[in-house]
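So you can see what is in the structure, the chains are spelled out below.
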Amino acid sequence: MVETPLLERPKKLTVENLSILYGDQVALNDISLDIRENEIFGIIGPANSGKTSFLRAINRMDEMSDDMLVRGKVALDGCDVRSWRNVYALRSRIGVVFPLPVGLPLTIYENVALSPRLRGVRNKVELDEIVERCLSRAALWDEVKDRLDSLGSLLSGGQQQRLTIARALSQEPDVLLLDEFSIAVDPVTTMRIEDVLKELREEMTIVLVTNLVQQARRLADRTAFFLGGELVEVGMTEDLFRRQVKDQRTTDYLEGRFG
Amino acid sequence: MSEFNRGRRTVPGADTLGSSWWWDRIAQGVVFLGGISAIVFIVAIFIFVAQQGLGFAIFELDKGVFLTSPEWRPTTEPEPVFGGLALIVGTASVTGLAMLVAVPFSLGAAIFIGEFATGRAREYLKVLVELLAAIPSVVWGFIGLTVVNPLIIDLFNVPVGLTILNAGVILGLMAAPIMTTIAEDALKAVPDSYREAAEALGATRWQVIRQVVLPSAKNGLVAAILLGVGRGFGETMAVLMASGHSVNLPTSPFDSVRALTATIAAELGETARGSEHYKALFSIGILLFLVTFTINLLADVAVRGRRKRR
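Residues numbered from 1 in each chain as written. Chains lettered and ligands numbered in written order. Predicted model: local features only at pLDDT ≥ 70, side-chain atom pairs only at ≥ 80, totals over all residues. Heavy atoms only, no water.

Draft legend 1. Here's a closer look at the environment of A:F54. Residue and element names in this part refer to chain A. When you line up the elements, F54 lands in helix α1 (residues 51-58). Spatially, the C-alpha atoms of F54 and P187 are 26 Å apart, while their sequence positions differ by 133 residues. If near-sequence neighbours (up to four positions away) are discounted, F54 is found in contact with V15, L18, I20, L28, L33, I43 and F226. (Helix = DSSP H or I, 4+ residues; strand = E, 2+ residues; numbered from the N terminus. Contact = heavy atoms within 4.5 Å.)

Now the structure itself:
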């Protein structure tokens, strides 16, 4: 299969002049970029550089907190996310994996079956099928297939994070947002999840926020560097790591000379 | 040995009892006294009630009559009848109706305050609910007599409005604020990360509450309801004023009844200390004590269940 060159693919997410404010504090300042279909788009940068706020603006999670103000435009498939009347339908097309795994206080099975049930799947056979498929794709099925009825919160940290990935997959999302997913996961599990993500790229667009520079290097097609709420640079990951950068700050960050 | 301690020697006089050492001792003593006195008082009350009524309740009171006869004629000579059934049914029916009123109100209010109200409105509502919880029960009884009573008479075209219905509604409104506060605490104990995760899955607000928040707050909500039931059983003044206070086996919510607590309150002052009647009233006290103790224990177990699962 001949792959369409990345920059010729349709734009999945378009971000224009996006600014995010908490009160009078600027978290993200006038950012414009686009994310292509079937791309893994890496976002790196130190803490407080606006990476998580960026993700929250995409699926309108800002509406859950009173003090978060979003300006500018985020479009999914060319359609402004603010213009969606049914925010729940929008969110169900966008899967989210949080930094710390959130095992809902349900069984493993229920965790994965929740989203299909919310959208109205009642058939037990169909649900079983979805649960098995999603857990397999998240590389967790073999470890939990004998105890689907035990509480999700009893799993280890790495297993719980894969459970949340399986749960996000059960939405059958177009876009998967991952926010520093490896923070509470051991290196071996991290590698397994990274392999999973490489496979998932065939089916969806992935936005990967990470504080591990090397993780972006391993996975991302393109990488953006956020610093203090500004988009310093965005480019092909290979280029960035070959030091073909436009901004000295990017080199400093990639080489770990930052302080 | 660390850098810090190197070369340090114990000097004579280092082992002195300074003021902070003494303050520590004094504080420990005061806290211990405060803690132990609460337990001592409870035990003392229990011993007092038991001493006044337990012997009578065990050896002299006819338990068969007490639990099955609706005849409460404590002053009839020469053979008084101590049948508690009407009182037990009275208390149970009023409390049951009160819970029918209070559970939907309080859970609804708790869900609204905890999940839907935001910012200023939420703070005001919480203060308001806590204010409601502080209204004295005699005021509720007064409302029952002067507001609900004529309302029932007009609305249902019945001769008396001091009935199970009246007392149940009053008691329900009375128990609702405290139940709301406890239920809201239980909802607040559900981590926000659960809500965010569920909303990110595309769940609507109601789906989040129904599928995630309520199940994980279940034990706390059960505890809130049980404490409300305990409150209903123990309440005296409002029930005394609103229920009609007549010994009666009710057949409908429009019958007057008499509650266990109200019987003690109304009659104890007129009995001779140590008389059979006096001891029978204390037997009722023991029954109430056992019931509320059991309910509070169940509530406690429910709350503990919530903590253990964490």
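Draft legend 2. Seen up close, the interface of chain A and chain B. Every contact between the two is made by 21 residues of chain A and, on the other side, 17 residues of chain B. Here chain A and chain B share an interface that buries about 1,700 Å² over both sides, 68% of which is from carbon and sulfur atoms. Among the residues chain A hides against chain B, the three largest losses belong to A:Y88, A:P105 and A:L118. Together they make up 33% of the total. Run the count over chain A and chain B and you get two salt bridges. Where the side of chain A that touches chain B is concerned, the elements lending two or more residues are α2 (87-92), β6 (94-97) and α3 (108-118) of chain A. (Buried area = accessible area lost by both parts, 1.4 Å probe. Salt bridge = Lys/Arg side-chain N within 4 Å of Asp/Glu carboxyl O.)

Draft legend 3. Seen up close, the sheet that holds strand β5 (residues 79-80) of chain A. All names here are of chain A. Strand order in the open sheet formed by four strands is β2-β1-β4-β5, with antiparallel pairing between adjacent strands. Since the sheet does not close on itself, it has two edges, and those belong to β2 (25-36) and β5, each with one partner. Inspection of the sheet shows strand β1 (residues 11-22) paired to strand β4 (residues 68-76) by eight bridges, in the antiparallel sense. Bridge pairing in β4 links Y22 to M68. Here α1 sits on the sheet and contacts β1, β2 and β4; the angle it forms with β1, its principal contact strand, is near 120°. (Pairing = 2+ DSSP bridges. Axes fitted to C-alpha atoms, helices over the stretch in contact; angles between N-to-C directions.)

Draft legend 4. View of the pairing of strand β10 (residues 230-236) of chain A. Residue and element names in this part refer to chain A. Relative to β10, strand β9 (residues 222-227) runs antiparallel, the two sharing six bridges. Across the sheet, F225 pairs through a bridge with E233, a residue of β10. Where β9 folds back on β10, the antiparallel hairpin that results is connected by two residues, among which G228 adopts a positive phi of roughly 55°.

Draft legend 5. Main features of the nonpolar core. Grouped together as the largest cluster of nonpolar side chains are 56 residues, with contacts concentrated most on A:L18, A:F54 and A:L104. Looking at this core element by element, the count peaks at five residues for β2(A). Within the second largest apolar cluster, 44 residues are counted, among which are B:F66, B:V229, B:A262 and B:V303. (Core = buried A, V, L, I, M, F, W, Y, C linked by side-chain atoms within 4.5 Å. Buried < 20%, exposed > 50% of the residue type's maximum accessible area, 1.4 Å probe, protein only.)

Draft legend 6. Representation of the sheet that holds strand β3 (residues 40-44) of chain A within the structure. All names here are of chain A. Taken in spatial order, the six strands make up an open sheet running β6-β7-β8-β3-β9-β10, and their pairing is mixed. Either end of the sheet is taken by a strand with one partner, and the two such strands are β6 and β10. With strand direction ignored, the average angle separating the axes of adjacent strands in the sheet is 15°. Bridge count for β3 against β9 is four bridges, and the pairing is parallel. In the sheet register, F41 faces β9, and the bridge partner there is R222. On top of the sheet, α1 reaches β3, β6, β7 (175-179), β8 (205-209) and β9; it is set at about 155° to β7, its chief contact.

Draft legend 7. The pattern of salt bridges, seen in detail. One pass over the structure, following the stated rule, counts 32 salt bridges over all chains. One salt bridge in this structure joins B:E115 and B:R195, with 2.8 Å as the shortest N-O distance. Placement of the pair is B:E115 in helix α3 (residues 85-116) and B:R195 in helix α7 (residues 192-200), with a sequence separation of 80 residues. The exposure class of B:E115 is buried, given its relative accessible area of 13%. Connected through salt bridges with shared partners, the residues A:K12, A:D77, A:R93 and A:D174 form a single ionic network.

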